[in-house]
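Topology and contacts: notes
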There are 2 protein chains.
Amino acid sequence: MKRRTAPALDRDRLIAASFAVLEAEGMEGLSMRRVAAHLGVQAPAIYWHVGDKAELLGLMARDIYAAAYAAVPQIEDWRGWLRRFAQALRSSLAGHRDGARLCAVAKPAAASDPHESAARITAPLIALGLTPQTALSFQAAVISYTLGWAMFEANGPMHDFLDRMMIFEDSFETGLDAMVAGFEPQAA
Amino acid sequence: MKRRTAPALDRDRLIAASFAVLEAEGMEGLSMRRVAAHLGVQAPAIYWHVGDKAELLGLMARDIYAAAYAAVPQIEDWRGWLRRFAQALRSSLAGHRDGARLCAVAKPAAASDPHESAARITAPLIALGLTPQTALSFQAAVISYTLGWAMFEANGPMHDFLDRMMIFEDSFETGLDAMVAGFEPQAA
DNA sequence: ACCTGAACACCGTTCAAGT
DNA sequence: ACCTGAACACCGTTCAAGT
């Protein structure tokens, strides 16, 4: 017997609880105290498992990105992969209340080892024949576009109006297709 | 004589002070109390001139966008206009500390009259021959891309690493050119 | 009309102390 | 090792009261 009582918290349960609070209260209701309450614990307990709130947000954002990567199907060429990835990221962001705002505020947890995370991020594109340089460039552009779009789309009051002037889905695809198609001549 | 003492505040001085605090303290140091202190006034005084903090942030964001629109030179076609606008927006965002984060958090002050603001936003493109529909679509895509990129770029730790793997300036242009070029066939 | 003073209900975080 | 209790230095916002 290593311990008499199992610990009440671990990183995974902490992150899960944080998402639960986010879903229920939104981004500005996401406080350390509320997350703690959701876990039946005092706020300072969280600091045993995580350095500070910024790190917690970083971990949440990381999960959102990870879900997107995991959702991209096997695909035969980099154009298709980029398109599928962008769609997956968009729906991963839309899958959580204030998901885009969360990712905007959070610094990437990737900060721990940027070299490794850049490699992981570009690996699929490199496998499909792009050079590391172009892979990074294209991927950065697609992520930027998708994240920016998600924020645009999540912006309440403007949304209702734009909804009557354009189909978000279609316009997102329009921009995405344009970008990917425009990459074509640069892939050499 | 309408009043014995001129008011200490007005909206413009309030916004200017807010930018000053933002520059000095960054986004998380931007508190109502600090802005008030910068103006030699008590925090509650601000609420006479502005409904709440969100509205103040919205006004700041609006200024950043307005600066971008103002900086776009007269141009002969919509491709050029879109490219110039994106560059102007990127440098307007980069012109203030945490500019991208600010715009991410702020709801558009445009919320007041979305119809009018959408019209103003698309006017230049419509004047250059696009339909309102495509103008809105293209403009939304370009804004999303640029805002997303600026956030990407502003993200400290990742930045230093990426800086050694790619030129931000060049990669931004790569994606932008790709998108605008890809719009071409859709402009019909 | 425009601002102050005092207060309310919160925050994130630290740190000794408990087990 | 892991959590609590109490505290510190802040927040945004409201509201009576002053001028």
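So, a few notes on the structure that sits alongside this text. (Residues numbered from 1 in each chain as written. Chains lettered and ligands numbered in written order. Predicted model: local features only at pLDDT ≥ 70, side-chain atom pairs only at ≥ 80, totals over all residues. Heavy atoms only, no water.)

1. Quick look at the protein's contact with DNA strand D
Every one of the 20 residues lining DNA strand D counts as a neighbour, but Ala8(A), Gln42(A), His49(A), Arg33(B) and Tyr47(B) are closest to it. Expressed as a percentage, the sugar and phosphate content of the atoms of DNA strand D within 4 Å of the protein is 60%. Contacts to DNA strand D include Trp48(A), whose side-chain N or O atom sits 3.3 Å from a phosphate oxygen. Contact between DNA strand D and Lys53(B): a phosphate oxygen at 2.9 Å from a side-chain N or O atom of the residue. Elements that contribute at least two residues to the surface near DNA strand D include exactly helix H3 (46-49) of chain A together with helix H2 (32-38) of chain B. Ranked by the residues each element gives to the surface near DNA strand D, the list is headed by H2(B), at three residues. Counted by class, the surface near DNA strand D contains eleven nonpolar, three polar and six charged residues. (Near = heavy atom within 4 Å. Polar contact = N/O pair within 3.5 Å; in protein donor to acceptor, adjacent residues only side chain to side chain. Helix = DSSP H or I, 4+ residues; strand = E, 2+ residues; numbered from the N terminus. Nonpolar A, V, L, I, M, F, W, Y, C, P; charged D, E, K, R; others polar.)

2. Examining the side chain of Ser171(A)
Secondary-structure assignment places Ser171(A) in helix H10 (residues 168-183). On the basis of relative accessible area, Ser171(A) is assigned to the buried category, the value being 4%. Apart from the residues lying within four places of it in its own chain, the contact partners of Ser171(A) are Tyr145(A), Trp149(A), Met166(A) and Ser137(B). (Buried < 20%, exposed > 50% of the residue type's maximum accessible area, 1.4 Å probe, protein only. Contact = heavy atoms within 4.5 Å.)

3. Digging into the protein's contact with DNA strand C
The immediate surroundings of DNA strand C are formed by 20 residues, with Arg33(A), Tyr47(A), Ala8(B), Gln42(B) and His49(B) found nearest. Counting only atoms of DNA strand C within 4 Å of the protein, the sugar-phosphate share comes to 59%. Interatomic distance of 2.8 Å between a backbone N/O atom of Gln42(B) and a phosphate oxygen of DNA strand C. Between DNA strand C and His49(B), the relevant distance is 2.6 Å, taken from a phosphate oxygen to a side-chain nitrogen or oxygen of the residue. Where the surface near DNA strand C is concerned, the elements lending two or more residues are helix H2 (32-38) of chain A together with helix H3 (46-49) of chain B. The leading source of residues in the surface near DNA strand C is H2(A), at three residues.

4. Quick word on the interface of chain B and chain A
Between chain B and chain A, the residue contacts involve 41 residues of the former and 41 residues of the latter. Both faces considered, chain B and chain A share a buried interface measuring about 3,700 Å² in area, 75% of it formed by carbon and sulfur atoms. At the junction of chain B with chain A, the criterion picks out zero salt bridges. For the pair chain B and chain A, the number of links is two residue pairs in polar contact (both at pLDDT 80 or more). Elements that contribute at least two residues to the side of chain B that touches chain A include exactly helix H6 (99-105), helix H7 (114-127), helix H8 (132-154), helix H9 (156-162) and helix H10 (168-183) of chain B. The class makeup of the residues in the side of chain B that touches chain A is 27 nonpolar, twelve polar and two charged. (Buried area = accessible area lost by both parts, 1.4 Å probe. Salt bridge = Lys/Arg side-chain N within 4 Å of Asp/Glu carboxyl O.)

5. Examining helix H1 (residues 11-25) of chain B
All names here are of chain B. Under the 1.5 Å per step criterion, the end-to-end length of H1 is 21 Å for 15 residues, consistent within 8% with the ideal 21 Å. Within H1, the full set of buried residues consists of Leu14, Ile15, Ala17, Ser18, Phe19, Val21 and Leu22. On its buried face, H1 is in contact with H2, H3, helix H4 (53-71) and H6. The residue sitting at the N-terminus of H1 and contributing the capping side-chain oxygen is Asp10; that oxygen lies 3.1 Å from the backbone nitrogen of Asp12. Phi turns positive, to about 80°, at Gly26, one or two residues after H1. (Expected span 1.5 Å × (residues − 1).)

6. Comments concerning the relation of the copies chain B and chain A
Under the fitted operation, chain B is carried onto chain A by 0.0 Å of movement along the axis and a turn of 180°, and the coordinates agree to an RMSD of 0.0 Å. When the rotation and shift are considered jointly, the pair of chain copies conforms to a two-fold rotation axis. In this assembly the copies share their binding face: 100% of the residues contributing to the interface of chain B also contribute to that of chain A. (Least-squares fit on C-alpha atoms with pLDDT ≥ 70 in both.)

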